[in-house]
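Notes for the structure review
Here's the letter readout for the chains.
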Amino acid sequence: MALLAGLLAGRFVIAPDTAGAQTPAPGLVTVPVAFGPLSNDVTIRGEVAYADSVEVTIDTSSLSGPAVVTGQVPEVGSELGPLGVALEVAGRPVIVLPGELPAYRTLRIGLSGPDVVQFKHAMRAVGLDAGDPAGNVFDRTAADAITALYAQAGYPAPANEEGAEEGVLAARDAVRSAQEAVSAADAELAAARRGPSAVAVREADNAVASAKRALDAAMSTSPNDAVTIGDLRDALALAQLRRQELDLPADTAPQRAAAAAAQQQLVQAREALTEAEEAVLPTLPAAEVLYLTQLPRRVDAVATQRGAVLQGTAMTVSGADVGLSGTVAGADARLLEPRMTATFELPDGGEHAATITEVTPGESDDARWTVQLEPAPLTPEQVTQLQGANVRVRIPVGATDGDVLSVPLAALSAGPGGESRVEVVDGDPRDGARAETHMVVVETGLAADGAVEVRPRDGDLEEGELVVVGR
């Protein structure tokens with residue numbers, strides 16, 4: 001009986017000697033996947049970056065030589081604003097103007113098109129007059145604005161083509177010669193229209209009278225000389241005919257033809273002068289202008305340097321304001337609209353407000369939508385900390401339409417591509433480090449009360465399965 005009592009006490013009452021015994025490995029902290037209605041929030045992963053990143057290329061095809069960068073290379077972090085100089089290529093500036101359409105040809109007098117309209121709008125935006133933007137023709141007013149544009153940028157306007165100035169001088173000389181020819185032809189025509197002078201009329205009258213006196217004298221002589229009288233009669237008839245011709249209207253056809261020809265030559269000379277003068281008006285080469293939207297722009301990266309030949313992308317610019325963008329499934333995206341408010345996590349653990357600015361559908365029915373948000377003003381320190389960060393964004397919305405799978409927010413983690421995922425337990429979570437798990441990529445949806453809607457995208461996930469929230 002004593003032996004039995006000792007065995008029982010040693011087995012159930014007295015604690016075993018734990019010296020040297022190993023502490024069991026801690027188990028996983030898990031929660032089951034829930035299935036039911038969820039409401040209140042849409043949660044997405046968002047990238048913080050300067051908005052609307054654009055790679056800048058410059059059309060240098062119009063340059064006669066290599067496109068060597070000679071100066072004005074911006075520093076990363078600097079801003080490009082209207083009338084700023086993005087680069088200096090071959091000694092010439094690349095002037096920044098507001099606009100969406102890239103420069104693709106040299107603007108000169110007489111051209112028309114949407115690029116002309118854009119230029120006029122850009123000039124008006126920077127306070128210069130290039131004419132009415134409603135007109136799509138590049139006229140003298142637009143050409144004159146180029147000189148003012150380059151003066152604002154601190155550079156001379158583009159040089160004229162070789163020989164253009166000499167062409168203007170030659171055209172002006174041709175106009176003067178044509179004007180003198182017109183004056184001479186007009187004088188001859190006016191003289192022809194006035195008819196014979198008084199002297200010519202008097203001379204003709206005298207000739208008639210003299211011929212008549214000679215005839216009368218010959219006829220009074222006896223005996224009469226028939227031959228002489230006949231000659232004198234003919235002379236009198238000729239003098240009378242010449243006098244009658246002076247009374248007829250003058251034939252000015254030759255003078256009128258000469259005057260018309262001289263006038264036509266003057267018109268042609270003036271047209272040639274207009275063309276020559278237009279040839280020396282300022283032009284805007286495509287290589288010397290860079291149109292960008294949403295100015296000012298921040299320089300994110302520079303792909304060239306002074307002395308290098310410009311090829312391909314010159315730099316990358318983005319909006320000067322920090323933006324927040326993420327993707328969301330189409331079903332959840334339809335709950336979102338511009339001007340809705342949201343919050344995202346700061347590096348110090350706090351939350352910061354943001355506003356949805358744009359919700360863009362995906363390229364296909366099952367593609368994810370893109371959500372653009374504008375954070376509330378951030379301090380420079382916060383901007384530095386957040387640049388390039390992947391943050392969780394919570395957007396308060398309505399409720400789900402029916403039952404959905406949900407897990408605690410702590411069960412979500414970010415994959416290498418920024419995708420959301422959960423760790424699903426395959427074995428017994430009490431096995432600690434020996435418990436087997438696998439990752440399931442999920443799409444997140446509405447969030448509320450610390451839980452978030454999930455839909456498996458890569459793998460399976462069912463109600464009641466255990467997901468890891470800690471260790």
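Refer to the structure printed above.
The rules we used
Residues numbered from 1 in each chain as written. Predicted model: local features only at pLDDT ≥ 70, side-chain atom pairs only at ≥ 80, totals over all residues. Heavy atoms only, no water. Pairing = 2+ DSSP bridges. Helix = DSSP H or I, 4+ residues; strand = E, 2+ residues; numbered from the N terminus. Salt bridge = Lys/Arg side-chain N within 4 Å of Asp/Glu carboxyl O. Buried < 20%, exposed > 50% of the residue type's maximum accessible area, 1.4 Å probe, protein only. Axes fitted to C-alpha atoms, helices over the stretch in contact; angles between N-to-C directions. Contact = heavy atoms within 4.5 Å.

**Side note on the sheet that holds strand β10 (residues 297-302)**
Read from one edge to the other, the open sheet built from 4 strands follows the order β4-β11-β10-β6, with strand pairing classed as antiparallel. Because the sheet does not close on itself, it has two edges, and the strands there are β4 (54-57) and β6 (79-80). Two strands pair when backbone bridges link them, and β4 and strand β11 (residues 313-319) are joined in this way by 4 bridges, in the antiparallel orientation. In the strand pairing of β11, T57 is matched with T313.

**Brief notes about the pattern of salt bridges**
According to the stated counting rule, one finds 12 salt bridges in the structure shown. A salt bridge links E443 to R455; the nearest nitrogen and oxygen atoms lie 4.0 Å apart. Taken together, the residues span a long stretch of sequence, with E443 in strand β20 (residues 437-448) and R455 in strand β21 (residues 451-458) at a distance of 12 residues. Overall, E443 belongs to the buried group, its relative accessible area being 17%. Using a relative accessible area of 25% as the deciding quantity, one classes R455 as partly exposed.

**Let's talk about the sheet that holds strand β7 (residues 85-89)**
With respect to topology, 4 strands assemble into an open sheet ordered β5-β7-β8-β9, the strand pairing being mixed. What marks the edges here is a single partner per strand, and that holds for β5 (69-71) and β9 (289-292). The sheet shows a mean angle of 35° between the axes of neighbouring strands, direction not considered. Helix-sheet contacts for helix α2 (residues 114-125) involve β8 (92-98) and β9, and the interaxial angle to β8 is about 85°. Across the sheet, helix α3 (residues 140-153) is in contact with β7 and β8; its angle to β8 comes to roughly 105°.

**Structural notes on the environment of A174**
Examined against the element boundaries, A174 turns out to sit in helix α4 (residues 164-194). Along the chain, A174 and G65 lie 109 residues apart, while their C-alpha atoms are 36 Å from each other.

By themselves, these are just geometric observations and shouldn't be taken as functional.
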